[in-house]
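Structural features, examined
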Amino acid sequence: MGFETVGFSVACTEEGGHMLMRGEGCRTLPLAGHVGFDSLPDQLVNKSVSQGFCFNIMCVGETGLGKSTLMDTLFNTKFEGEPATHTQPGVQLRSNTYDLQESHVGLKLTIVSTVGFGDQINKEDSYKPIVEFLDAQFEAYLQEELKIRRVLHTYHDSRIHVCLYFIAPTGHSLKSLDLMTMKKLDSKVNIIPIIAKSDAISKSELTKFKIKITSELVSNGVQIYQFPTDDESVAEINGTMNAHLPFAVVGSTEELKIGNKMMRARQYPWGTVQVENEAHCDFVKLREMLLRVNMEDLREQTHSRHYELYRRCKLEEMGFKDTDPDSKPFSLQETYEAKRNEFLGELQKKEEEMRQMFVQRVKEKEAELKEAEKELHEKFDRLKKLHQDEKKKLEDKKKSLDDEVNAFKQRKSAAELLQSQGSQAGGSQTLKRDKEKKK
Ligand code: GTP
Ligand code: MG
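Residues numbered from 1 in each chain as written. Chains lettered and ligands numbered in written order. Predicted model: local features only at pLDDT ≥ 70, side-chain atom pairs only at ≥ 80, totals over all residues. Heavy atoms only, no water.

Another point: the overall build of the chain. When helices and strands are counted, the chain shows nine helices and eleven strands. Taking all 439 residues of the chain together, 30% fall into the buried category. Expressed as a percentage of contacts within the chain between residues at least 6 apart in sequence, the contacts between residues at least 24 apart total 66%. (Helix = DSSP H or I, 4+ residues; strand = E, 2+ residues; numbered from the N terminus. Buried < 20%, exposed > 50% of the residue type's maximum accessible area, 1.4 Å probe, protein only. Contact = heavy atoms within 4.5 Å.)

Attention shifts here to the side chain of Asn242. Inspection of the secondary structure assignment puts Asn242 in helix α6 (residues 232–244). Leaving out residues up to four positions away in the same chain, Asn242 has contacts with Gln226, Phe227 and Thr229.

Counting buried residues along strand β6 (residues 162–167), six of its six residues qualify, which places the element largely inside the surrounding structure. Burial of the side chains of β6 extends over both faces: Val162, Leu164 and Phe166 are buried on one face and Cys163, Tyr165 and Ile167 on the other. Inspection of the sheet shows strand β3 (residues 53–60) paired to β6 by four bridges, in the parallel sense. Directly across from Cys59, in β6, lies its bridge partner Leu164. For β6 and strand β7 (residues 191–195), the ladder comprises five bridges, and the chain directions are parallel. (Pairing = 2+ DSSP bridges.)

Once that is clear, we can look at the confidence of the model for the chain. Per-residue confidence for the chain gives a mean pLDDT of 85, with 90% of residues at or over 70. The low-confidence segment residues 1–21, where pLDDT is below 50, has 33 contacts with residues more than four positions distant or belonging to other chains. (pLDDT = per-residue confidence, 0-100.)

Further remarks concern helix α5 (residues 203–219). At 3.6 residues per turn, the α-helix brings residues three or four places apart onto the same side. In this model, α5 (17 residues) spans 25 Å end to end at C-alpha, consistent with the 24 Å of a helix rising 1.5 Å per residue. Among the structural elements, β6, α4 (176–185), β7, α6 and β8 (247–248) are those in contact with the buried residues of α5. Gly221 occupies a position one or two residues after α5 and carries a positive phi of about 65°. (Expected span 1.5 Å × (residues − 1).)

A separate point is the sheet that holds β8. Taken in spatial order, the six strands of this open sheet run β4-β5-β3-β6-β7-β8, and their pairing is mixed. The open sheet has two edge strands with one neighbour each: β4 (92–102) and β8. Here helix α8 (residues 295–317) sits on the sheet and contacts β3, β5 (105–115) and β6; the angle it forms with β3, its principal contact strand, is near 80°. (Axes fitted to C-alpha atoms, helices over the stretch in contact; angles between N-to-C directions.)

To continue, consider the pairing of β7. The element β7 is extensively covered by neighbouring structure, given that five of its five residues are classed as buried. Side-chain alternation along β7 places Ile191, Pro193 and Ile195 on one buried face and Ile192 and Ile194 on a second face that is also buried. At this point the chain moves from β6, through α4, to the parallel β7, and the crossover so formed is right-handed. (Right-handed = clockwise from strand over helix to strand, strands pointing away.)

It is worth spelling out the nonpolar core at this point. Ile57, Met71, Leu164 and Ile192 are the most contacted members of the largest nonpolar core, which totals 67 residues. With six residues, the top contributor of residues to this core is β6. Leaving out residues up to four positions away in the same chain, Ile192 has contacts with Val162, Cys163, Leu164, Tyr165, Tyr225, Phe227, Leu245, Leu286 and Leu290. In terms of nonpolar packing, the next biggest core, distinct from the first, is built from five residues, Phe138, Tyr141, Leu142 and Tyr310 among them. (Core = buried A, V, L, I, M, F, W, Y, C linked by side-chain atoms within 4.5 Å.)

One pass over the full model with this rule turns up ten aromatic pairs. Between the aromatic rings of Phe75 and Phe79, the centroid separation amounts to 6.0 Å while the plane-to-plane angle is 70°, which identifies the pairing as edge-to-face. Three or more aromatic residues link up through ring pairs in this structure, and these residues are Phe138, Tyr141, Tyr155, Tyr307 and Tyr310. In this structure, Arg159 packs its charged tip against the face of Tyr141, placed 3.6 Å from the ring centre. (Phe/Tyr/Trp six-rings, centres within 6.5 Å; stacked < 30°, edge-to-face > 60°. Lys NZ or Arg CZ within 6 Å of the ring centre and 35° of its normal.)

A few words now on the layout of surface pockets. The space that makes up the largest pocket amounts to roughly 800 Å³. Lining the largest pocket are 26 residues, and of these Gln51, Gly52, Cys54, His153 and Arg299 lie nearest its centre. Of all the secondary structure elements, the ones that give two or more residues to the lining of the largest pocket are α1 (40–51), β3, β4, β5 and α8. If you tally residues by element for the lining of the largest pocket, the top one is α8, at five residues. Looking at the lining of the largest pocket residue by residue, the classes come out as eight nonpolar, ten polar and eight charged. Considering the residues around the second largest pocket, the lining is formed by 19 residues, among which Phe75, Glu102, Leu107, Leu291 and Met295 are closest to the centre. When residues of the lining of the second largest pocket are traced back to their parent elements, those giving at least two are β4, β5, α7 (283–293) and α8. When residues of the lining of the second largest pocket are assigned to their parent elements, the largest contribution, five residues, is made by α7. The residue makeup of the lining of the second largest pocket, split by class, is nine nonpolar, four polar and six charged. (1 Å grid on protein atoms, 1.4 Å probe; cavity = no way out; pocket = protein on both sides within 12 Å on 5 of 7 lines; lining within 4 Å. Points joined across faces, edges and corners; volume = space filled by probe spheres on them. Nonpolar A, V, L, I, M, F, W, Y, C, P; charged D, E, K, R; others polar.)

Residues Phe343, Leu344 and Leu347 make up a contiguous nonpolar surface patch of roughly 270 Å² in combined accessible area. Relative to the helices and strands, Phe343 resides in helix α9 (residues 332–438). (Patch = residues over 30% accessible without salt bridge, like charges linked within 9 Å, V, L, I, M, F, W, Y side chains within 5 Å. Areas by Shrake-Rupley, 256 points an atom, 1.4 Å probe, with all protein chains shown as cover. Salt bridge = Lys/Arg side-chain N within 4 Å of Asp/Glu carboxyl O.)

Attention shifts here to the environment of Gly61. With respect to the secondary-structure elements, Gly61 resides in the loop between β3 and α2 (67–74). Taking C-alpha positions, Gly61 is 6.0 Å from Tyr165, a pair spaced 104 residues apart along the chain.

What follows concerns the sheet that holds strand β11 (residues 271–274). By way of backbone hydrogen bonds, the strands of a sheet pair with one another, either parallel or antiparallel. On the basis of which strands lie adjacent, the open sheet formed by three strands has the order β9-β10-β11 and antiparallel pairing. Each end of this open sheet is capped by a strand with a single partner; those strands are β9 (255–258) and β11. Neighbouring strand axes in the sheet, compared pairwise and without regard to direction, differ in orientation by 65° on average. Judged from the four bridges that link them, β9 and strand β10 (residues 261–268) form a sheet pairing that is antiparallel. For Glu255, the partnering residue across the bridge sits in β10 and is Arg264.

Set out below in structure tokens:
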């Protein structure tokens, strides 16, 4: 142990009498004995193990393609969950988080499953809720990152590390729904396409089906996740496995006794499909690649590629840039000031516009009111005149009626007088006649 030999394990070069680290310009010193910083990797491992890990899987695929069964098979457990109904008006995302423990390593596993995917008559918008879900997880992480007091080490990272895309075992070609969805998701998540329920396809058909799927993905420019080949320790196995994509898997919750071992398998009248038998399906390949070899790379790619892209677009949308228009390095302070001034300017402009609009509206309202007042006055005058005319007419009528009444009264009294005189004269003549008769 220790650096008895000269220099670090990094390549060094001798320049001007000093040992210099290539490109860094700093000196490398030989150590006389053991110091102890070679335990740094162990410290990191211990810290990571005590913190635990998190891994988030999204299963996208039509209803009943065996998503839940495959998850149970992969993690050798039974996750709770009801089968989805086929009557969903749209696609929904169902997310469940579980704490798993293997040896002394803890894993917070989140499984997100699509509910009702492909069940609608119009499937055009099926990908949208998935994209929105992926973006929402990136946004939550970005918000945490932008906080002044951020606690990223205890933050539950819900960003999706891998999307297992379940392809129906049709043996023909990819459905347009599959192509469109994968195309929309490929810049946001690591996609591993898998042929679900592959026990439904014969061996020769499966080879052709895999070739067809791969060529369709390539011709449509769909970027699926490639197992990394830059790390020598896994380059060979990853290279081989890349050629096996998409994996043809079989899932089962049933355990059968095969030989003297209990194994996950599916039993049919004509035989048994052993899930973990590589001659029967690619389940073991998927489990190895996903969990044992590339889990950390999937987490890393999610952060450095997909999240980085989301973050960059989001920050650019908010007006942040790496260089200013004069190609000078970006200054957060200056950008903030510029944005603030721009915002204040816009605010002032808006305020002025609002004020102008308000004044204009007041003027309009005033004019409207004045007009209405004028109309009212005119109406009042008209009515007043009408009223006066009516009144005058009535007075004239009353006067003529009064005159008529008076004339009538005069005539009446004259007639009464005449009548009374007439009756008096009539009475005296009758008396005279009676007297003459008596004589
Ligand atoms: P939803 O959650 O309802 O969308 O369904 P799912 O995709 O989770 O499917 P699930 O795992 O519930 O499986 C549906 C049916 O398919 C069950 O009867 C499973 O036993 C069966 N199944 C699952 N995996 C396979 C497989 O690899 N091959 C065959 N033949 N059947 C399978
Ligand atoms: Mg399910």
